[in-house]
Amino acid sequence: MASPDQTVLQFFPLSTSLSAKVHPLVIFNICDCFVRRPDQAERVIGTLLGSVLSDGTVDVRNSYVVPHNESSDQIMDAVMVTVIRAEVALDIDYHHNMLASHQKVNPKEVIVGWFSTGFGVTGGSALIHEFYSREVANPVHLTVDTGFTNGEASIKAFVSINLSLGDQQLAAQFQEIPLDLRMVEAERIGFDILKTTAVDKLPTDMEGMEATMERLLALIDDTYKYVDDVVEGRVAPDNSIGRFISDSVASLPKISPSAFDKLVNDSLQDQLLLLYLSSITRTQLSLAEKLNTAAQIL
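Attention here is on the structure that accompanies the text. From a predicted model like this one, the values you see are computed outputs, not experimental measurements. Counting of residues starts from 1 at the beginning of each chain's written sequence and follows it residue by residue. At least 70 in pLDDT is required for a residue's local features to be given in this predicted model, at least 80 for side-chain atom pairs to be given and counted, and no such filter applies to totals for whole chains, interfaces and linings, which use all residues. To obtain the side-chain values, all non-hydrogen atoms of the structure were used and water was disregarded.

Thoughts on the pairing of strand β8 (residues 140-144)
Two faces make up the sheet, and in a regular strand the side chains alternate between them.
Alright, step 1. With 5 of 5 residues buried, β8 lies mostly within the body of the structure.
Alright, step 2. When a residue's accessible area, from a 1.4 Å probe over protein chains only, is under 20% of the maximum for its type it is buried; when over 50% it is exposed; and in between it is partly exposed. Secondary structure follows DSSP: runs of H or I at least 4 residues long count as helices, runs of E at least 2 residues long count as strands, and numbering of each begins at the N terminus. By the alternation rule, side chains of β8 split into V140, L142 and V144 and H141 and T143, which are all buried.
Alright, step 3. Paired strands are those between which DSSP finds at least two bridges. By the bridge criterion, 5 bridges tie strand β7 (residues 110-117) to β8 in an arrangement that is parallel. Looking at the pairing, W114 lines up with H141 of β8.
Alright, step 4. This β-α-β element, β7 to helix α3 (residues 125-135) to β8, shows right-handed connectivity. Handedness of a crossover: with both strands directed away from the viewer, a clockwise path from the first strand across the helix to the second marks it as right-handed.

Things to note about the pairing of β7
Alright, step 1. Of all 8 residues in β7, 7 are buried, a share of seventy percent or more.
Alright, step 2. Here strand β3 (residues 45-52) runs beside β7; their pairing, made up of 6 bridges, is antiparallel. Bridging from a neighbouring strand, G46 pairs with F115 of β7.

What to know about the side chain of T117
Alright, step 1. Among the secondary structure elements, T117 is positioned in strand β7.
Alright, step 2. Under the relative-accessibility criterion, T117 is labelled buried at 4%.
Alright, step 3. Reaching out from T117, the side chain makes a polar contact with the backbone nitrogen of V44 at a distance of 3.1 Å. Two N or O atoms form a polar contact when they lie within 3.5 Å of each other; inside protein one atom must be a possible hydrogen donor and the other a possible acceptor, and for residues adjacent in sequence the pair counts only when both atoms belong to side chains.

Overview of the side chain of S51
Alright, step 1. Following the sequence through the fold, S51 ends up in strand β3.
Alright, step 2. Of note is the side chain of S51, whose polar atom sits 3.0 Å from the side chain of R61.
Alright, step 3. Beyond its immediate chain neighbours, meaning those up to four positions away, S51 contacts T57, V58, D59, R61, K108 and V112. Pairs of residues are marked as contacts when any of their non-hydrogen atoms sit within 4.5 Å.

Observations regarding the pattern of salt bridges
Side-chain pairs of opposite charge can arise where the charged atoms are in close proximity.
Alright, step 1. Salt bridge criterion: a side-chain nitrogen from Lys or Arg within 4 Å of a carboxyl oxygen from Asp or Glu. Enumeration according to the criterion identifies 6 salt bridges in this entry.
Alright, step 2. Between D59 and R61 there is a salt bridge, with its nearest N and O atoms 3.1 Å apart.
Alright, step 3. Residue classification places D59 among the buried residues on the basis of a relative accessible area of 12%.
Alright, step 4. In this structure R61 comes out as partly exposed when scored by relative accessible area, which is 27%.
Alright, step 5. The partner of K262 in a salt bridge is D266, with the nearest N and O atoms 3.0 Å apart. You can see K262 and its partner D266 sitting in helix α7 (residues 257-297), 4 residues apart, about one turn around the helix.
Alright, step 6. A single network of salt bridges, built from pairs that share partners, joins K225, D228, D229 and R234.

Structural notes on the packing of helix α2 (residues 92-105) against α3
Alright, step 1. Lines fitted to C-alpha atoms define the axes, with helix axes restricted to the stretch in contact, and inter-axis angles between N-to-C directions lie between 0 and 180 degrees. Put simply, α2 and α3 touch, their axes get as near as 14 Å, and they point 45° apart. As summarised for this structure, α2 and α3 are arranged oblique, according to the angle between their axes. Handedness of the crossing formed by α2 with α3: right-handed. Only F131, Y132 and E135 of α3 make contact with α2, whose side of the interface consists of I92, H95 and H96.
Alright, step 2. Of the residues contributing to the contact of α2 with α3, the split by class is 3 nonpolar, 2 polar and 1 charged. Between 65 and 115 degrees an angle is taken as roughly perpendicular, under 35 as roughly parallel, over 145 as roughly antiparallel, and anywhere else as oblique. Should the near helix be turned counterclockwise from the far one by less than a right angle, the crossing is left-handed, whereas a clockwise turn marks it as right-handed. Nonpolar residues are Ala, Val, Leu, Ile, Met, Phe, Trp, Tyr, Cys and Pro. Charged residues are Asp, Glu, Lys and Arg, and all others, Gly as well, are polar.

A short note on helix α1 (residues 24-35)
Because an α-helix completes one turn every 3.6 residues, residues spaced three or four positions apart along the sequence face the same direction.
Alright, step 1. One fewer than the residue count of a helix, multiplied by 1.5 Å, yields its expected span. Relative to the 16 Å expected for 12 residues at 1.5 Å per residue, α1 spans 17 Å between its end C-alpha atoms, a close match to the ideal helical length.
Alright, step 2. Of all the positions in α1, only P24, V26, I27, I30, C31, C33 and F34 are classed as buried.

In short, geometric facts, not functional conclusions.
Set out below in structure tokens:
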């Protein structure tokens, strides 16, 4: 046991367990900002907007990029150890102006953290996190691997934990927290395309519907196999899963197969009609543009 006059090196962990929930629009916006970044920039950083739910979950619903400049120098200290010194300069005025503009549209969205592209935490992350710690208490740091380091877009969330020696704070350690990325099926299709390093073309509406139906059939097959295994005694029953399956089946409307086919066919015909009308509109606009150009030449 340490004596009262000794200084103890200690961590100050979070008082409550934190988790984050990110809307897919935030991920799409970060990827778009990375594509549009300046040529000399290796990554983009920005502010996360959202709210803190009653259970402590950080709900991230919006984001915007913040211009910055960063540099790193390698220096040699007194014991001949190479140390990397990072410097980061943020456009604070731009950050505050964007925040004011966003809060005019949605006053309930406040700063909950910041994001950066790249794989994991870098040397300059501590400096940026220190700035956002002055903007909001215990900010969340979201990283999006747009370089597909492991073959996919890795998305992680971190919070900072202080390491102190007595009353003096020495450093900050980034600790990963649970991240929930919930998507509807249409958003899942777009995100799956982003995760692949290269695609031949974007799927059409029919191809997207086909992929969704194939996924639905696979889930139905897995559910059928689980129920069959429980009935035959090969798998121990789980009451929570049984109630979830029962609620899902009860939520389905009771209609005949012929009525269901008619409903799907009518919806498909409406979609085809919209595609036809949009094609006619594009043709008419193109023809009007060519006639206008010809009239100006004459």
